[in-house]
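Fold and contact review
Given next are the chains, with one letter for each unit.
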Amino acid sequence: MSETAILKIRRGQSKTDGRWETHAVPFERGQSVLDGLRWIRVNKDPSLAIRFSCINANACKECMMELDGETVYACTARLEPREMTLSPLSNKILVRDLVTEIAPPAERFAAKEK
Amino acid sequence: MSAEPIQVETDVLVIGSGAAGMYAAIEAARAGCRVLLIDRSLIGRGGATVMAQMTVAVALGAEAPDHWRHHLHDTLTAGRGLCNEPLSRLLCEAGPACIKEMDAWGVGWARKNGKITAAFAPGHDRPRCVYVDFLNTGPAVSKTLRAVVHRTPGIARKGDLCVVDLLKVGGEVAGAVAWHAESGAPVAISAKATIVATGGLTRLYRRNSASTNMGGDGYALCLRAGAPLIDMEFVQFFPIGHLAPRLIGMDPIMWDPFRYKLGGRLLNKDMAEFTDRYGVPEDGKYVITRDVGTYAIIKEVEAGRGSPHGGAYLSFQHVPAEKLREAFGPVIDRLAANGIDLTKMPVEVAPIAHYHMGGVSADVKMQTEVPGLLVAGETVGGANGANRLSGNAITEAFVFGREAGRTAAARVKTMKAAPATNGAARTTVDLIRSDPPKDMPNSAAMLTRLQATMSDDVGPLRTADKLRRALDTIDDLTTALGDRPFGDAGAFDMQRLDWFDLRNMLAVARAVVQAASLRTESRGAHQREDFPEMLPQWRVNQVIRLGKKALDIEQAPASHTGAALEAAAP
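A quick note: this is a predicted structure, and the numbers were derived from the prediction, not measured.

Right, let's get into the overall build of chain B. Within chain B, the regular secondary structure consists of 15 helices and 21 strands. Taking 570 residues into account, the globule formula puts the C-alpha radius of gyration at 25 Å, and chain B, at 23 Å, falls close to it. Taken along its principal axes, the extent of the C-alpha atoms in chain B is 65 × 50 × 50 Å. Counting only residues that meet the buried cut, chain B has 64% of its 570 residues in that class. Once the 64 positive and 62 negative side-chain charges of chain B are each reduced to a mean point, those two points are 4 Å apart.

Okay, the environment of Thr-152 of chain B next. Residue and element names in this part refer to chain B. Here Thr-152 lies in the loop between helix H4 (137-151) and strand E7 (155-158). Counting along the chain gives 122 residues from Thr-152 to Arg-30, while the straight-line C-alpha distance between them is 7.4 Å. Dropping the residues within four chain positions of it, Thr-152 is found in contact with Ile-26 and Ala-29.

All right, on to the interface of chain A and chain B then. Facing 42 residues of chain A, the contacting portion of chain B comprises 42 residues. Carbon and sulfur atoms supply 55% of the area that chain A and chain B bury against each other, a total of about 3400 Å² over both sides. There are six salt bridges connecting chain A and chain B. Across the pair Arg-96 of chain A and Asp-488 of chain B runs a salt bridge whose closest N-O atoms are separated by 2.9 Å. For the pair chain A and chain B, the number of links is 20 residue pairs in polar contact (both at pLDDT 80 or more). Mapped by element, the contributors of at least two residues to the side of chain A that touches chain B are helix H1 (33-43) and strand E6 (94-96) of chain A. Broken down by element, the side of chain A that touches chain B gets its largest block of residues, four residues, from H1 of chain A. Across the side of chain A that touches chain B, the residue classes tally to 20 nonpolar, 10 polar and 12 charged.

Residue and element names in this part refer to chain B. Across the sheet, which stays open at both edges, the four strands sit in the order E12-E15-E14-E13 with antiparallel pairing between neighbours. The strands lining the two open edges of the sheet, one partner per strand, are strand E12 (235-244) and strand E13 (265-267). Each strand axis lies, on average, 45° off the axis of its neighbour in the sheet, ignoring direction. Along the sheet, helix H7 (residues 290-302) makes contact with E12, E13, strand E14 (312-315) and strand E15 (347-356), crossing E12 at roughly 50°.

This model, assessed by the stated rule, comprises 12 aromatic pairs over all chains. Residues Tyr-23 of chain B and Trp-105 of chain B carry aromatic rings whose centres are separated by 5.5 Å and whose planes lie at 50° to one another, so their mutual orientation is tilted. Within this pair, whereas Tyr-23 of chain B is found in helix H1 (residues 19-30), its partner Trp-105 of chain B is found in the loop between helix H3 (85-104) and strand E4 (111-112), the two being separated by 82 residues in sequence. Trp-105 of chain B matches Tyr-23 of chain B in its accessibility class, with the two residues each being buried. Through successive ring pairs, a cluster of aromatic residues spans Trp-255, Phe-258, Phe-316 and Phe-328 of chain B. A cation sits over an aromatic face here: Lys-8 of chain A above Trp-20 of chain A, 4.9 Å from the ring centre. Lying across the ring of Tyr-355 of chain B, Arg-388 of chain B places its NZ or CZ 4.1 Å from the centre.

Moving on to the sheet that holds strand E4 (residues 70-73) of chain A. All names here are of chain A. Taken in spatial order, the five strands line up as E2-E1-E5-E3-E4 in an open sheet, and their pairing is mixed. Each end of this open sheet is capped by a strand with a single partner; those strands are strand E2 (19-26) and E4. This sheet shows a mean twist of 35° between the axes of neighbouring strands, independent of strand direction. Bridge count between strand E3 (residues 64-67) and E4: four bridges; the pairing is antiparallel. Residue pairing for E4: Met-65 is matched across the bridge by Val-72. Seen against the sheet, H1 touches strand E1 (4-11), E2, E3 and strand E5 (83-87) and runs at an angle of roughly 100° to E2.

Let us now look at the pairing of strand E9 (residues 172-180) of chain B. Two faces make up the sheet, and in a regular strand the side chains alternate between them. All names here are of chain B. Within E9, eight of the nine residues are buried, leaving the element largely enclosed by the surrounding structure. As paired elements, strand E8 (residues 161-169) and E9 share seven bridges and run antiparallel to each other. Residue pairing in the sheet places Leu-166 in a bridge with Ala-176 of E9. Where E8 hands over to E9, the hairpin turn is made up of two residues, of which Gly-170 adopts a positive phi near 55°. In sequence, E9 turns back onto strand E10 (residues 186-196) through a hairpin of five residues, with Gly-184 there showing a positive phi of about 85°.

Residue and element names in this part refer to chain A. Taken as a whole, this structure holds 60 salt bridges over all chains when the rule is applied. With its nearest N and O atoms 3.1 Å apart, the salt bridge here joins Glu-21 to Arg-11. Linking Glu-21 in strand E2 with Arg-11 in strand E1, this pair joins segments that are 10 residues apart in sequence. With a shortest N-O distance of 2.7 Å, Glu-80 and Arg-82 are connected by a salt bridge. A single network of salt bridges, built from pairs that share partners, joins Arg-11, Arg-19, Glu-21, Asp-45 and Asp-97.

This paragraph deals with the side chain of Arg-128 of chain B. Residue and element names in this part refer to chain B. Here Arg-128 is to be found in the loop between strand E5 (115-116) and strand E6 (129-130). Relative accessible area serves as the criterion here: at 1%, Arg-128 is assigned to the buried category. Of the polar contacts made by the side chain of Arg-128, one reaches the side chain of Asp-66; its length is 2.7 Å. The residues touching Arg-128, leaving out its near neighbours within four places in the chain, are Val-56, Ala-57, Val-58, Ala-59, Asp-66, His-70, His-71, Asp-74, Ala-118 and Ala-119.

Now for the side chain of Arg-411 of chain B. All names here are of chain B. Topologically, Arg-411 is positioned in helix H10 (residues 392-413). Here Lys-192 takes part through its backbone oxygen, which lies 2.7 Å from a polar atom of the side chain of Arg-411. Once you skip the residues sitting within four places of it in the chain, Arg-411 turns out to touch Glu-172, Val-173, Lys-192, Ala-193, Pro-371 and Gly-372.

With that out of the way, let us pick up the nonpolar core. By size, the foremost hydrophobic cluster in this structure holds 167 residues, and its most contacted members are Leu-37 of chain A together with Trp-109, Leu-145, Leu-166, Tyr-205, Phe-398 and Leu-450 of chain B. Considering every element that reaches this core, the biggest residue donor is helix H14 (residues 494-518) of chain B, with 14 residues. Beyond its immediate sequence surroundings of up to four residues, Phe-398 of chain B is in contact with Ala-19, Tyr-23, Val-56, Cys-98, Ile-99, Met-102, Trp-109, Val-141 and Leu-145 of chain B. Grouped together as the second largest cluster of nonpolar side chains are 40 residues, Phe-238, Leu-247, Tyr-260 and Val-280 of chain B included.

Position of Ile-9 of chain A relative to the elements: it lies in strand E1. Considered as a pair, Ile-9 of chain A and Ala-106 of chain A are 97 residues apart in the sequence and their alpha carbons are 30 Å apart.

Moving on: the confidence of the model for chain B. Per-chain confidence: chain B averages 94 in pLDDT, with 97% of residues scoring 70 or above. Reported confidence for the predicted complex is 0.96 by ipTM and 0.96 by pTM.

It helps to recall that an α-helix has 3.6 residues per turn; residues three or four apart then point in one direction. Residue and element names in this part refer to chain B. The first and last C-alpha atoms of H1 sit 16 Å apart over 12 residues, in line with the 16 Å expected at 1.5 Å per residue. Taken across its 12 residues, H1 has 11 buried, putting it largely inside the fold. For H1, every residue scored as buried is listed here: Ala-19, Ala-20, Gly-21, Met-22, Tyr-23, Ala-24, Ala-25, Ile-26, Glu-27, Ala-28 and Ala-29. Of the residues flanking the end of H1, it is Gly-32, one or two places downstream, whose phi is positive at about 100°.

What counts, and at which threshold
Residues numbered from 1 in each chain as written. Chains lettered and ligands numbered in written order. Predicted model: local features only at pLDDT ≥ 70, side-chain atom pairs only at ≥ 80, totals over all residues. Heavy atoms only, no water. Helix = DSSP H or I, 4+ residues; strand = E, 2+ residues; numbered from the N terminus. Rg over C-alpha atoms; globule rule 2.2 N^0.38 Å. Buried < 20%, exposed > 50% of the residue type's maximum accessible area, 1.4 Å probe, protein only. Lys, Arg positive; Asp, Glu negative; His and termini not counted. Charge placed at Lys NZ, Arg CZ, Asp CG, Glu CD. Contact = heavy atoms within 4.5 Å. Buried area = accessible area lost by both parts, 1.4 Å probe. Salt bridge = Lys/Arg side-chain N within 4 Å of Asp/Glu carboxyl O. Polar contact = N/O pair within 3.5 Å; in protein donor to acceptor, adjacent residues only side chain to side chain. Nonpolar A, V, L, I, M, F, W, Y, C, P; charged D, E, K, R; others polar. Pairing = 2+ DSSP bridges. Axes fitted to C-alpha atoms, helices over the stretch in contact; angles between N-to-C directions. Phe/Tyr/Trp six-rings, centres within 6.5 Å; stacked < 30°, edge-to-face > 60°. Lys NZ or Arg CZ within 6 Å of the ring centre and 35° of its normal. Core = buried A, V, L, I, M, F, W, Y, C linked by side-chain atoms within 4.5 Å. pLDDT = per-residue confidence, 0-100. Expected span 1.5 Å × (residues − 1).

Here it is, written out as structure tokens:
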């Protein structure tokens, strides 16, 4: 039987009433956690919010999240055939699911203040 | 949500914060303009620039005596007769000034004995390509320009603003309407001049070397605003994109700089060199141009002589370990972390979508046909003809960005106030706010399907049948997309983002496929297996406009002539 990675993902738009969702992702050696999250969007649920631009180069620095409580880049963290817990950065303001406010304040468009 | 969009006003709006956008913003601000630099992702982090681990072509004459005319000669030759000669000339002639300015800003071009050094790259007649070690050209360029943008008065920077449509008032472009990803709110930006610097379209393809924000959105924005596109059939594939083993945390185009330095051997499954079969023997040197290299690898795979994952082997096994360490520096350790030891094994490489020669038609001032609308960088079509010379992409980002900034500033000086745009924004604002349709297909899967057909049917080698199949898929997807955005219109709504992306990507894919279908010859990056010859009557640029119901495509004689090539000859 082929191996799977179990991704347990924190979802929601507020830190207080979020929920956990679990997806089984086909595992292939050498893949990244971001590969797993992108697989979920294409095959299971396109509403899962993640942010990334460069996919693989670790150049855009957008895909920061917490893996088992540790801050990682999802593009360089390796997918493993076990349960992996993914949550948004706990020290940043939550936007949705795994997306937090990571831009420097001066470069963030303040929609609410206008 | 209130009925009105958030209103913002500026002198110059720059869309996209790669090298071209940042250089344009700096230049316009230096001329006294208020500039708003926006990006759909983080400022100066997305796009192609930060991913460019390679080199920058410029006739500095630092390594060997050089003149911009020699660079122009090589650019026109690589372009296979289709270059827009004034644009090519601008790229080559103004390149040195921008490279020197970047040097003064502290980018850190690699030096030997105190002088900027240059590598030899295929298609150039001498060493002409400057770089930043190790594999750091793009990141260093981005970082340097970010710092200059930061300290230049007059530039406001805002990320997560995804432009949905340009604003048109009285036949002129007067800004843009954006979807603010973080909040889901529509934002109407009015500007005296608008510069589109959103890069190319490589995201249309499954395997590509750029960011996910390179879906050709700038081409679609300009097309809908009435500006013509040019040369859309010419998508450059980079022959030796990394294929296997799976490599994470590294850009797939990373092997090129090492081929510049060390040569490296391109091998088939029998561990035999094969490029001589396609007219270019390499003998351990790196001389094969991108179009020929791509063709050779694909044909070798078709003949059953490919590597296990469907590409070719690239081997540095003949290079001593200490020479590898000298050339690769700390990259050797990053490769080791991925289980790759180059002294013991080859890697597998295959063609990967890399750059778009086509784009928005513009003059040497970076003006499109629509007043108020300027373009810069890869968004501009024409400078590189049917095939781009190695190293010209970052150069054109600098040069065209600087020029666009200047032209925008000159326009701003002639205008009293930014035009009122409220009414013009209405349709797009309603689109951004609209409720989703009842049935929503998986938007991420639709994107994957588009990438599959573009890769399989509109890749480097094309036929009428394949192109027809691609058009059918594009028609299907366009129907499935409908006219109302998916998702819930809330914060960071990925389905809505996919929908806006697909709206642009499908329009651009259609332009590529239709132009490729009409061009019944093979030239540069456009190879038709059913029309294998390059034909003199096809020395034309195809110009695409958005008609009432479909795309209108017309052929116009290419601007560069044999005389121009001769005048540029060394």
